[in-house]
Every structure is written in C-alpha cells, then in structure tokens.
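As a plain string of letters, each chain reads:
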Amino acid sequence: MHERYFQNLDKVLKNSGICQPTLVIDKQRLDQNIDHLKSVIDRGFDYRIVAKSLPSIPMLRYIMERTGTRRLMSFHIPFLIQVAKEIPEADVLLGKPMPISAVNAFYQWYLSAQGAFDQQSQLQWLVDSVERLQEYEHFAKQHDLQLRINLEINVGLNRGGFENPQSFDQALGLLQDSAHLTLSGLMGYEAHITKIPGFLGGPAKAFRKAMARYQDFVRQISDRFGHDVVKDLCLNAGGSTTFPLYKEQGVVNELATASALVKPTDFDVYTLDHLEPAAFIATPILKDVSNPSLPMASELSALLRKMGLSPKRGLFIYGGNWLASPCYPEKSKRADLLGHSSNQELYEVAVNHPIQRDDFMFFRPTQSEALLLQFGELAVMDKGEIKEYWSVFHYPEQCPDAGANEALNKHFNKTLNTKKTINPEAGIRS
C-alpha cells in the first residue's frame, strides 16, 4: 500500500504538469486528521490554530471553516500583519513574547492601516516576565493604547514564563492597577509531556503535574480578581503531541495545535498513531546512476561497494538538503559520497527498485513550519487530482521601522482629527 500510494501520487503530479520540487498536501488525509482533532475539541474545548505550523492563508481559512474556529496563534510580526489584513475576523494570540521593538513595529503598521481588524478586542500579547510587562505598560501608556495581555506560565517545559507565585502576583498587581493593560488569559505550553521517560514518572505523571501547576496559577488569579474573571479568560495549553491527552475539560479551556494535521516526522509519537502524514515533498529524479563513485577514486569506490560501504545505485534529485526524510522509494537514504547538496543531492536506492529517471522521489518534512514556506504554493491533491494551489505566507511589506516614521507621520497628520497615531519622538498625538 505504501508503494502504491506514492506511485499513484507520482502519476497525479505528472498529469498536472509539475516539474520541480513541490510541497504536496493530501486533502483527504488532512480532512481525516481534522476529524480526529474535532473529536478531541468536541469534549468541551475551544480550538486555536497555530499559524506558524501551517503558514498559508487559504489553508488556515479551510481549517477554520472545518473546525468552526476563528482563533489563531501567531509567532512573527510580518505574518501577524498578513493575518490581520487577510483574515480580519481572526482572534489572535501571540505564541511567544515579542520585543517591545516588534510591538512598536506592529502598531506603526496598525495605526496607518484601514482594515477591519480590531487589536483591542482581537489581539492578545504574550508576556513572560514582570520586566516585559512593565515595558508593555509603558508603551501602552505612552501611546494611549489598550492592550490585552496573556501571561506565559511555566508548567514544566522550563522554557521561560512565570514560575514562582511572587513574580506572578507582582504581574497580576501591575495588571490590576494599569489603565492600559488587561489580563486576557494564560498560556501553559507542555510539549515536554510525551518525552518524559518512565524513570521520571512518564507522560501520565508529567501531565498531572502540568495541570496542577496550571491550576495553582489560576487560583492566584481567582484570589486577586475573583472567580467571575477567571470564567472569561483564555486558558490555553496543548500542542500537536499533547492535545489528544485532554479527555475532558478541566482547568484548561483552549487547545492549540496545527502540525499534527499534516504530521511531519517529528510528530511520529504514540499520541498521534491514529493520524496520517498529509504533507510530502515531491522532487524529480534527474539522474539514475549505477555504481556511483568518489571523485578520482574509482578503485577505492569499487572496494567500498564490495564491503557494503558505498551504494550500487544512486539517484541525483532536483534540489535537496531539506529538513526532511526520504519515504519513497522505501529504505532509500542520502549517500555520503558527495556530501550535502541543495542543487543535486545524491540518494542511495535499491538496485532492483522500479523507480527511474524523471519519476518523483518523495520526502516527509521533519517539521511543517519551515518546510511549507520553501516551495512556493502548496499543491493540494484532492481525490486523485491537483485541483488547487494554496499560497504561503510572504513578506508583503517591510515592517515599519525608525526610517519609516517620517513617512508614516505625514500620513497620520492628514487624519489627526479621527485617529490617534504613534510618534516615537513626541509620544501620542490626537
């Protein structure tokens, strides 16, 4: 079945006229994976799509429609701007804390834009420390902005975030006293859970400890703000390897995932055994070589072949050196004779395999967030045909910086009576 799947996919790509390295999305497999995800979020969770992992506006819109969500998680200011422009109804949570310069860059764009995206009600900034929170408060006060703040908490991953009750309480106090910042929720990322070995208690113990830690932070919020405030917060957790572990709603009310829907090789874990890979790199074979040899070392190469240390057959592909593993032909692997190449990489393949020159070789990405951006539009296979192409994120414009302030202010000066604008030198004008 494995061989037949890729041989059929090879025919589909040839029939569509594809002739270069291409990232292919199997829409039927994607749909099946979405259905498995829905069976989890239907247990009582809101769902947030991690946009960095599926960096395509058409793809995000498709999954939003299939899952009934408008919640996205963004990790990059240029892509946040693109989402705000092209999916203006989106509710966006930043997936990592941003430098204050990045916050400034977003608002330089936002205050000059004429779109429907409303940052005050549709955007949450992630904050991981009291110091960063103070920077955000100063920025918001300086420019008379209202910012929604989601606090990153450490529930066991140990990748930063609030960790002790003292600093967390200090942050809550600052939020309570601020006229410009509002607490919108918590994020407790727990990607470590499925990787905890048995001698440390295994995944089950790690999950219990993470949820107990999460509950402690929520209790602090309830003690300071009251339980009614907690009911309205975005309490985010989950990830592509952990979302199936949430059997019922507890302290967490929102799960985030995305990579699992296309299942790169980094997500070949026991929690996702029921999901199918749905993203493949397809690349034409340029040369089919018998007994490939080292440069200027034919006799040594022949000796190495006899010892089983050098391939008897090699395929030079169109491109290469990707964060990906070959999956067709089976048991193919990168040959070490010539090292890595992003132009024509050499792969070892079985001598009797029927694949030949001009056929496609297939790879599974190790991750989706970087690979899906490398090949241009995504070729979407639907019921045995390439029926559409989904564009990927791009850089539509340079993020505004100090050099853009003068031009922006000229634009702002035309609308002073209707809009507040940032002037980094003079503060707020109204």
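For the structure itself, look to the data block above.
> Quick rundown of the overall build of the chain? Include the residues and the values.
A tally of regular secondary structure across the chain gives 12 helices and 19 strands. For the chain, with 430 residues in total, the buried portion stands at 54%. Residue pairs in contact within the chain that sit at least 24 positions apart in sequence constitute 72% of those at least 6 positions apart.

> Tell me about the sheet that holds strand E9 (residues 254–257), and please be specific about residues and values.
With parallel pairing, the 8 strands of this closed barrel are ordered in space as E2-E3-E4-E5-E6-E7-E8-E9. On average, each strand axis in the sheet is inclined to that of its neighbour by 30 degrees, with strand direction left out of account. As defined by bridge partners, strand E4 (residues 91–94) adjoins strand E5 (residues 123–127) across 2 bridges and the pair is classed as parallel. Bridge pairing in E5 links Val92 to Leu123.

> So what's going on with the nonpolar core? Residues and values would help.
Counting 131 residues, the largest nonpolar core has Phe106, Trp125 and Leu151 as the members making the most contacts within it. Sorting elements by how many residues they give to this core places helix H9 (residues 202–225) first, with 8 residues. Not counting chain neighbours up to four residues away, the residues in contact with Trp125 comprise Ile77, Leu80, Leu94, Met98, Val103, Phe106, Tyr107, Tyr136, Leu147, Arg148, Ile149 and Asn150.

> Explain the pattern of salt bridges residue by residue, including any values.
Summed over the entire model, instances satisfying the criterion amount to 20 salt bridges. The partner of Asp35 in a salt bridge is Arg66, with the nearest N and O atoms 3.0 Å apart. Of this pair, Asp35 sits in helix H2 (residues 27–41) while Arg66 sits in helix H3 (residues 57–67); the two residues are 31 residues apart in sequence, bridging distant segments of the chain. Using a relative accessible area of 41% as the deciding quantity, one classes Asp35 as partly exposed. A residue is classified by how much of its surface remains accessible, and Arg66, at 22% relative accessible area, is partly exposed. Put simply, Asp46, Arg48, Arg71, Asp91 and Glu254 are held in one network by salt bridges that share partners.

> How would you sum up the packing of helix H7 (residues 130–142) against helix H8 (residues 165–177)? Please name residues and give values.
The contact between H7 and H8 brings their axes to 10 Å, and the two run at 10 degrees. Of the possible angle classes, the one that applies to H7 and H8 is roughly parallel. In this structure, H7 contributes Val130, Leu133, Gln134 and Glu137 to the contact, and H8 contributes Ser167, Gln170, Ala171, Leu174 and Leu175. A breakdown of the residues in the contact of H7 with H8 according to their chemical character gives 5 nonpolar, 3 polar and 1 charged.

> An account of unusual backbone geometry is needed here, citing residue identities and associated values.
With omega at 0 degrees, the peptide bond leading from Tyr328 into Pro329 counts as cis. Relative to the assigned elements, Pro329 resides in the loop between strand E12 (324–328) and strand E13 (333–334). Located in the positive-phi region is Lys331, a residue other than glycine, with phi close to 65 degrees. Take Lys331: its relative accessible area is 84%, and that puts it in the exposed class. With a phi angle near 80 degrees, Asp358 is a residue other than glycine that sits in the positive phi range. Note that Asp358 resides in the loop between strand E14 (346–348) and strand E15 (360–365). Asp358 gets classed as partly exposed once you look at its relative accessible area, which sits at 47%.

> How would you explain the packing of helix H5 (residues 100–110) against H7 if you had to name every residue and give the values?
At a minimum axis distance of 10 Å, the contact between H5 and H7 shows a crossing angle of 30 degrees. In terms of orientation, H5 and H7 fall into the roughly parallel class. As for how H5 packs across H7, the hand of that crossing is right-handed. Of the residues in H7, those touching H5 at Ile100, Val103, Asn104 and Tyr107 are Glu135, Tyr136 and Phe139.

> Lay out H2 with the relevant residues and their values.
Over its 15 residues, H2 extends 21 Å from the first C-alpha to the last, a length consistent with the 21 Å expected when each residue adds 1.5 Å. For H2, the capping residue at the N-terminal end is Asp26, with a side-chain oxygen 3.1 Å from the backbone nitrogen of Gln28.

> Explain the environment of Ser129 to me, and be specific about the residues and the numbers.
Summarising the element assignment, Ser129 is placed in the loop between E5 and H7. According to the relative accessible area criterion, Ser129 is buried, its value standing at 18%. It is 9.2 Å that separates the C-alpha atoms of Ser129 and Pro97, two residues lying 32 residues apart in sequence. Side-chain polar atoms of Ser129 contact the backbone nitrogen of Arg132, separated by 3.1 Å.

> An account of the side chain of Glu137 is requested, with residue identities and associated values reported.
Relative to the helices and strands, Glu137 is located in helix H7. Of the side chains with opposite charge, Lys141 comes closest to the buried, unpaired Glu137, at an N-O distance of 5.8 Å. Each residue touching Glu137, except ones within four places of it in the same chain, is listed here: Leu174, Ser178, His180 and Leu181.

Here is what the cut-offs are and how they apply
Residues numbered from 1 in each chain as written. Predicted model: local features only at pLDDT ≥ 70, side-chain atom pairs only at ≥ 80, totals over all residues. Heavy atoms only, no water. Helix = DSSP H or I, 4+ residues; strand = E, 2+ residues; numbered from the N terminus. Buried < 20%, exposed > 50% of the residue type's maximum accessible area, 1.4 Å probe, protein only. Contact = heavy atoms within 4.5 Å. Pairing = 2+ DSSP bridges. Axes fitted to C-alpha atoms, helices over the stretch in contact; angles between N-to-C directions. Core = buried A, V, L, I, M, F, W, Y, C linked by side-chain atoms within 4.5 Å. Salt bridge = Lys/Arg side-chain N within 4 Å of Asp/Glu carboxyl O. Parallel < 35°, antiparallel > 145°, perpendicular 65-115°, else oblique. Nonpolar A, V, L, I, M, F, W, Y, C, P; charged D, E, K, R; others polar. Left-handed = near helix turned anticlockwise from the far one by under 90°. Expected span 1.5 Å × (residues − 1). Polar contact = N/O pair within 3.5 Å; in protein donor to acceptor, adjacent residues only side chain to side chain. Lys, Arg positive; Asp, Glu negative; His and termini not counted.

The quantities given are spatial measurements derived from coordinates; they are silent on function.
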